[in-house]
Amino acid sequence: MFKSSYKLATIWGIPIRANISMFILLIFIAWELSSFAGAWAVPFALLLGFLLFSSIALHELGHSFVALKKGCKVKGITLALIGGVASMESVPDKPKDEFQMAIAGPLVSLSLAGIAYGLRFAIYSETNEFRYMAAYFFEVIGFLNLLLGCFNLIPAFPMDGGRVLRALLTPKKGRLKATYIAARIGKVLAILFGIYGLHEFFLEKETYGIFKVAIALFVYSGADNEYKLVYMQEMGDWLQDDEPQ
Ligand code: ZN
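About the criteria used
- Residues numbered from 1 in each chain as written.
- Predicted model: local features only at pLDDT ≥ 70, side-chain atom pairs only at ≥ 80, totals over all residues.
- Heavy atoms only, no water.
- 1 Å grid on protein atoms, 1.4 Å probe; cavity = no way out; pocket = protein on both sides within 12 Å on 5 of 7 lines; lining within 4 Å.
- Points joined across faces, edges and corners; volume = space filled by probe spheres on them.
- Helix = DSSP H or I, 4+ residues; strand = E, 2+ residues; numbered from the N terminus.
- Nonpolar A, V, L, I, M, F, W, Y, C, P; charged D, E, K, R; others polar.
- Core = buried A, V, L, I, M, F, W, Y, C linked by side-chain atoms within 4.5 Å.
- Buried < 20%, exposed > 50% of the residue type's maximum accessible area, 1.4 Å probe, protein only.
- Contact = heavy atoms within 4.5 Å.
- Donors = N, O, S within 2.8 Å, 3.2 Å for Na, K, Ca; no water.
- Patch = residues over 30% accessible without salt bridge, like charges linked within 9 Å, V, L, I, M, F, W, Y side chains within 5 Å.
- Areas by Shrake-Rupley, 256 points an atom, 1.4 Å probe, with all protein chains shown as cover.
- Salt bridge = Lys/Arg side-chain N within 4 Å of Asp/Glu carboxyl O.
- Phe/Tyr/Trp six-rings, centres within 6.5 Å; stacked < 30°, edge-to-face > 60°.
- Pairing = 2+ DSSP bridges.

A. Molecular detail of the layout of surface pockets. Considered as a void within the structure, the second largest pocket measures approximately 750 Å³ in volume. Lining the second largest pocket are 32 residues; nearest its centre among them are Val85, Ala86, Pro158, Arg163 and Glu226. For the lining of the second largest pocket, the secondary-structure elements that each account for two or more residues are helix H2 (41-69), strand E4 (83-88), helix H3 (95-123), helix H4 (129-153), helix H5 (160-173) and helix H7 (209-242). For the lining of the second largest pocket, the element with the highest residue contribution is H7, accounting for seven residues. A per-class count over the lining of the second largest pocket returns 15 nonpolar, 10 polar and seven charged.

Quick look at the structure:
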């Protein structure tokens, strides 16, 4: 049967799977590389893919590490196009715990970016071909992790920054209102980004525009789902509180 994700490894008892979209991305990278890397396109794409998968997995393991420390159970990690998802059996409801868990992923990514850029400058050489290529790979990894860290720090759902913002707003506004605000910011940003992508695709005939539209749709539905989920939870709690003893 057609599966949407495939298991790659298990770390700390957490199964790590890759969504089918990641394999499509690998083929796309190989295709892009083939214009200048020739026969090296496939091994280069595999190496880049491996580094990309690892970067995302480490980001998610950052969240998972804090989650496990807080006594939450992590069901699994799925690597997907715009990063990964660590599915938790329960999420910490204390804002302080949610804050720490949410910020851990971007902190891992930004640390990896710092290390990769450091190595890139340390080994770069114009005369040594091997060091030149290795520096190129570290630069790509540094950039990917910087992007992963910064993108996820955007203070809106479904990014990690949305959780950070909710954790900061919850003590004052309550969890539902805080989620509403962080989800609303996500939806507005998604609409703007989607319009930008459509503009690029149709008016500037830029193929990449369609990826921006896909990201916008992903962000919009992620923000919408998060709010609906919390709304249902709050309603559930409210109904339970209301039950006659
Ligand atoms: Zn994250």
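Here the narrative resumes, following the displayed structure.
B. A look at the environment of Gln233. As for its placement among the helices and strands, Gln233 is situated in helix H7. Linking Gln233 and Lys75, residues 158 residues apart in sequence, is a C-alpha distance of 20 Å.

C. Spatial organisation of the nonpolar core. Ranked by internal contacts, the top residues of the largest apolar core, which has 20 residues, are Met22, Ile56, Ala67, Val74, Ile77, Leu79 and Met88. Those elements that provide at least two residues to this core are strand E2 (14-19), H2, strand E3 (74-80), E4 and H3. Element by element, the count of residues in this core is highest for H2, at seven residues. Ile77 has contacts with Ile14, Pro15, Ile16, Arg17, Glu60, Leu61, Ser64, Val85 and Ala86, leaving out every residue within four places of it along the chain. Ala30, Phe44, Leu48 and Val140 belong to the second-largest nonpolar core, a separate cluster that totals nine residues.

D. Highlighting the coordination of the zinc ion. For the zinc ion, the full set of protein donor atoms is His59 (NE2), His63 (NE2), Asp160 (OD) and Asp160 (OD), at a range of 2.0 to 2.7 Å. Binding-site remark: the zinc ion is held by donors from one chain whose sequence spacing is H-x3-H-x96-D. Placement of the pair is His59 and His63 together in helix H2, with a separation of four residues, close to one helical turn. Neither His59 nor His63 differs from the other in exposure class; each is buried.

E. Examining a nonpolar patch on the surface more closely. Together, Ile11, Trp12, Phe65 and Leu68 make up an exposed nonpolar region whose accessible area comes to about 380 Å². Residue Leu68 is classed as partly exposed on the basis of its relative accessible area, which comes to 37%.

F. Layout of the packing of aromatic side chains. Applying the stated criterion to the full structure yields 10 aromatic pairs. Centre to centre, the rings of Trp12 and Phe65 are 5.8 Å apart; their planes meet at 50°, and the pair counts as tilted. With Trp12 in the loop between strand E1 (5-11) and E2 and Phe65 in helix H2, the pair connects residues that are 53 residues apart, well separated along the chain. For Phe65, a relative accessible area of 42% translates into the label partly exposed. Ring geometry for Phe23 versus Phe53: centroids 6.1 Å apart, planes at 75°, classification edge-to-face. Of this pair, Phe23 sits in helix H1 (residues 20-37) while Phe53 is found in helix H2, placing the two residues 30 residues apart along the sequence. According to the relative accessible area criterion, Phe23 is partly exposed, its value standing at 29%.

G. Expanded view of the pattern of salt bridges. Per the counting criterion, the structure on display carries 10 salt bridges. Taking the shortest distance from any N to any O, the salt bridge between Arg175 and Glu98 comes out at 4.0 Å. Pair noted here: Arg175 is in helix H6 (residues 175-202) and Glu98 is in helix H3, with a separation of 77 residues, a long-range link. The two residues Arg175 and Glu98 agree in class, both being buried. A salt bridge links Glu200 to Lys212; the shortest N-O distance between them is 2.8 Å.

H. How the structure looks around the pairing of E2. Within E2, five of the six residues are buried, leaving the element largely enclosed by the surrounding structure. Taking the residues that link successive antiparallel strands as the turn, the E1-E2 hairpin has two residues, and the phi of Trp12 there is positive, at about 50°. The pairing of E2 with E3 spans three bridges and is parallel. Bridge assignment links Ala18 to a residue of E3, and that residue is Leu79.

I. Structural detail: the environment of Phe23. Distance in space between the C-alpha atoms of Phe23 and Leu79 is 10 Å, their sequence separation being 56 residues. When sequence neighbours within four positions are dropped, the list of residues in contact with Phe23 reads Tyr6, Ala18 and Phe53.

Don't take any of this as a statement about function, it's just geometry.
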